[in-house]
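Architecture and fold: a report
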Amino acid sequence: MSTRVTHFNLIPSSTWGDQAAISDAGTEVVGMNWITQAPFYWSEAHGYEDIPNIGPYVGSMYLANGFPMYGTGGGGLSSDGSTVVGHYQNFDGSTMQLYYWRHGAGATTIPTPSPYTRAFAVGCNSDGTIIAGYMLDDTNLNGDGQPHTVSFIWNGSFTILPAYSSHWVNQLTVFSDDGTTLAGNSYGSPDGTTSFAWVWTFGTGYVLVPPPVGTDTVGFTAISNDGNSICGSTGNIVHGFVWTRAGGLVDVGVLPAHVGPYAESQLFDISDDGSKAVGMSIDGSSNSLAVLWDGSTLTSLGYLVLNGSENTDTQATSISGDGTTVAVVGTTSDFANQQQPMTWTSGDGLVDLVAETTVGSVTTGPFCDWNHGYIQFRTGMSYDGSRSTGYYNGGQFIWKPTTVSCECGSNVDVPITGVEAICEVGVFNLDYMWAMDDLSITEFPLVYDNMLTMSKSNNGGRTFSEPRMQSMGNLGQYNTNISFRNLGEGRNLLVRISWAGAFKTVLLGGFADIVEADITNKNK
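Residues numbered from 1 in each chain as written. Predicted model: local features only at pLDDT ≥ 70, side-chain atom pairs only at ≥ 80, totals over all residues. Heavy atoms only, no water.

**A few points about the overall build of the chain**
Convention followed: Under the DSSP-based scheme used, a helix requires at least four consecutive residues in state H or I and a strand at least two consecutive residues in state E, with every element numbered from the N terminus. Type-normalised accessible area, obtained with a 1.4 Å probe on protein chains alone, sets the label of each residue: buried when under 20%, exposed when over 50%, and partly exposed for intermediate values. Two residues form a contact once any of their heavy atoms are found within 4.5 Å. Each accessible area is a Shrake-Rupley result for a 1.4 Å probe, and residues are judged covered by the shown protein chains and nothing else.
Across its full length, the chain holds one helix and 43 strands. Per-residue burial for the chain yields a buried fraction of 56% across its 524 residues. Sequence-distant contacts in the chain: of pairs separated by 6 or more residues, those separated by 24 or more amount to 55%. For the chain, the exposed surface amounts to about 20700 Å²; the carbon and sulfur share of it is 51%.

This is the structure in structure tokens:
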């Protein structure tokens with residue numbers, strides 16, 4: 001029989017975090033390597049590349065990161081996928097400066113201008129030629145111990161935004177893709193803490209965004225490509241909003257079913273043209289539903305039954321640039337605080353990506369846990385929504401709607417072509433009582449040595465055995481035929497194999513020695 005297998009592509013040695021980003025085309029991805037603790041870059045054209053750590057020690061190099069007011073993160077990859085931007089700590093341990101990196105050209109460092117001691121990148125324009133962020137002067141503190149902070153644009157030289165009024169801290173939070181518009185917050189003075197939200201361009205200077213009546217702060221989370229629309233959330237009375245140059249700030253409120261004491265809403269991302277925004281509405285008992293704002297109406301995106309249980313919460317984390325696809329994370333009520341990534345479109349509604357992927361085909365080994373997974377806030381979706389990146393409990397993934405055919409029978413032959421630096425996983429589904437003696441996996445590693453992992457399930461993929469691992473050999477001594485023996489008996493067999501590492505692999509086939517079990521005395 002033939003089975004269609006859809007799979008995630010998993011990035012080896014990647015970390016859980018909030019710095020993942022994917023290009024508009026979905027062909028480039030950045031994140032952090034947990035071994036080097038420095039950024040990596042992956043592209044379909046060039047494969048996986050670790051960006052060399054230019055700081056003085058492991059853990060001193062970072063990707064640009066949108067101010068994580070609500071855990072939105074991201075910002076380290078230009079939307080055309082050509083440029084990685086960020087900041088790193090210098091050798092003296094007390095200063096920070098910017099860098100940008102391009103494939104083939106390496107990293108270029110940007111010295112922090114005096115008197116400022118630390119520069120932080122928040123984001124860049126579409127091709128990475130303009131970087132925006134904020135800088136601190138740690139030698140100049142106010143009475144509250146806050147360093148003097150300014151926002152900037154760099155396009156070969158620094159343009160420092162003037163302080164608004166006498167405010168001590170002027171901190172950028174979002175930067176438009178066309179490189180024209182900055183938005184952030186200004187607060188504090190030698191003797192006060194008054195706070196303002198602002199939008200700034202070279203042409204207009206500062207445009208203040210006052211908080212609605214009853215609220216005390218305005219926090220931005222995402223901005224449209226042209227800078228004319230910004231979403232975020234207010235403080236005190238926590239409501240999502242969309243601000244536009246033409247219409248000012250519009251409070252999106254909460255879902256009708258959530259109206260009442262302690263009800264809240266938040267917006268996390270906005271479409272490229274600013275016409276749609278996504279986030280969540282929260283009822284008085286702190287249960288949330290993912291929502292879509294279309295300029296006039298706040299609509300619930302609902303929930304799914306996952307693992308046999310309804311979601312207790314859903315929230316929308318990202319929207320595709322064209323506004324057609326929404327990334328949603330759902331929390332199931334049968335496993336506390338466990339999450340699964342989903343997408344929503346107007347045609348298909350909510351789709352659970354883990355369920356869409358054949359059970360068992362989404363793991364790189366014993367550290368993978370797909371009950372903790374989500375698509376990255378703000379920067380997790382390609383322009384058309386067909387590809388995404390985010391995290392599972394063990395690292396970072398790339399979701400691509402790729403399928404392969406599996407021919408299942410006495411001999412299982414699954415041709416799968418590996419992608420450089422991406423682990424591609426095959427699943428063999430044998431839906432009858434079985435007894436397996438041996439399983440042989442034929443593979444052809446092209447570069448680095450690594451490990452191949454096998455685990456099995458005889459309950460249809462609800463649980464899997466502890467993984468068994470075999471080395472694929474060292475450089476020049478590859479083991480091209482790997483066998484796992486004495487696998488026992490079971491029913492509804494799923495066999496899961498995986499490998500991870502910075503290498504290119506072709507899986508030529510898998511062969512299982514399977515016989516029908518004698519069940520005549522099983523129930524006696």
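From this point on, the discussion continues.
**A closer look at the pattern of salt bridges**
Which entries qualify depends on this criterion: Whenever a carboxyl oxygen of Asp or Glu lies within 4 Å of a side-chain nitrogen of Lys or Arg, that contact is scored as a salt bridge.
Scanning all chains against the criterion turns up two salt bridges. One salt bridge connects R387 with E44, and the closest N-O pair in it is separated by 2.4 Å. Of this pair, R387 sits in the loop between β31 (373-375) and β32 (388-392) while E44 is found in the loop between β4 (38-43) and β5 (47-50), placing the two residues 343 residues apart along the sequence. Judged by its relative accessible area of 18%, R387 is buried. Note that D138 and R118 form a salt bridge whose closest N and O atoms lie 2.7 Å from each other. Placement of D138 in strand β11 (residues 131-141) and of R118 in strand β10 (residues 118-124) is noted, with a sequence separation of 20 residues between them. Judged by relative accessible area, D138 falls into the partly exposed class, the value being 27%.

**Side note on the side chain of T215**
Put simply, the rule reads: Side-chain atoms alone can form a polar contact between residues adjacent in sequence; in general such a contact is a pair of N or O atoms within 3.5 Å, and within protein one must be able to donate a hydrogen while the other accepts it.
Within the secondary structure layout, T215 lies in the loop between β17 (205-209) and β18 (218-223). In terms of polar contacts, T215 uses its side chain to reach the backbone carbonyl oxygen of P212, at 2.7 Å. The residues touching T215, leaving out its near neighbours within four places in the chain, are T234, G235, N236 and I237.

**Structural notes on the sheet that holds strand β24 (residues 288-293)**
We count it as follows: When DSSP finds two or more bridges between two strands, those strands count as paired. Axis definition: a line fit to C-alpha positions, over the contact stretch in the case of helices; interaxial angles, taken between N-to-C directions, run 0 to 180 degrees.
Taken together, four strands build an open sheet; the order of strands is β22-β23-β24-β25 and the sheet is antiparallel. The open sheet terminates on both sides in strands that have one partner only, identified here as β22 (264-270) and β25 (298-302). Across this sheet, the average inter-strand angle for adjacent strands is 35 degrees, counted without regard to direction.

**Description of the packing of aromatic side chains**
Operational definition: Each Phe, Tyr or Trp ring (for Trp, its six-membered ring) is paired with any other whose centre lies within 6.5 Å, and the angle between the two planes then decides the class: stacked below 30 degrees, edge-to-face above 60, tilted in between.
Under the definition given, this model contains eleven aromatic pairs. With 5.3 Å between their ring centres and 25 degrees between their planes, F40 and Y48 make a pair best called stacked. Taking relative accessible area as the criterion, Y48 reaches 12% and is therefore assigned buried. Connected via pairs of aromatic rings, a cluster forms that spans F268, Y374, F377 and Y391.

**Details of the nonpolar core**
As a reminder of what qualifies: Here, nonpolar core means buried Ala, Val, Leu, Ile, Met, Phe, Trp, Tyr and Cys residues that are tied together by side-chain atoms lying within 4.5 Å of each other.
Formed by 15 residues in total, the largest nonpolar core has its most connected members in I153, L161, L172, F175, L182, W198 and W200. Those elements that provide at least two residues to this core are β10, β11, β14 (169-175) and β16 (195-201). If one sorts the elements of this core by residue count, β11 sits on top with three residues. One finds A64, Y116, M135 and W154 within the second-largest nonpolar core, a separate group that totals 14 residues.

**Re the environment of D137**
Among the secondary structure elements, D137 is positioned in strand β11. Judged by its relative accessible area of 5%, D137 is buried. Residues D137 and P147, ten residues apart in the sequence, show an inter-C-alpha distance of 5.5 Å. With near-sequence residues (within four places) excluded, D137 lies in contact with P115, Y116, T117, P147 and H148.

**Let's talk about the sheet that holds strand β2 (residues 21-22)**
Here we have four strands laid out as an open sheet, ordered β2-β3-β4-β5, and antiparallel in their pairing. Of all the strands in the sheet, the pair left with one neighbour each is β2 and β5.

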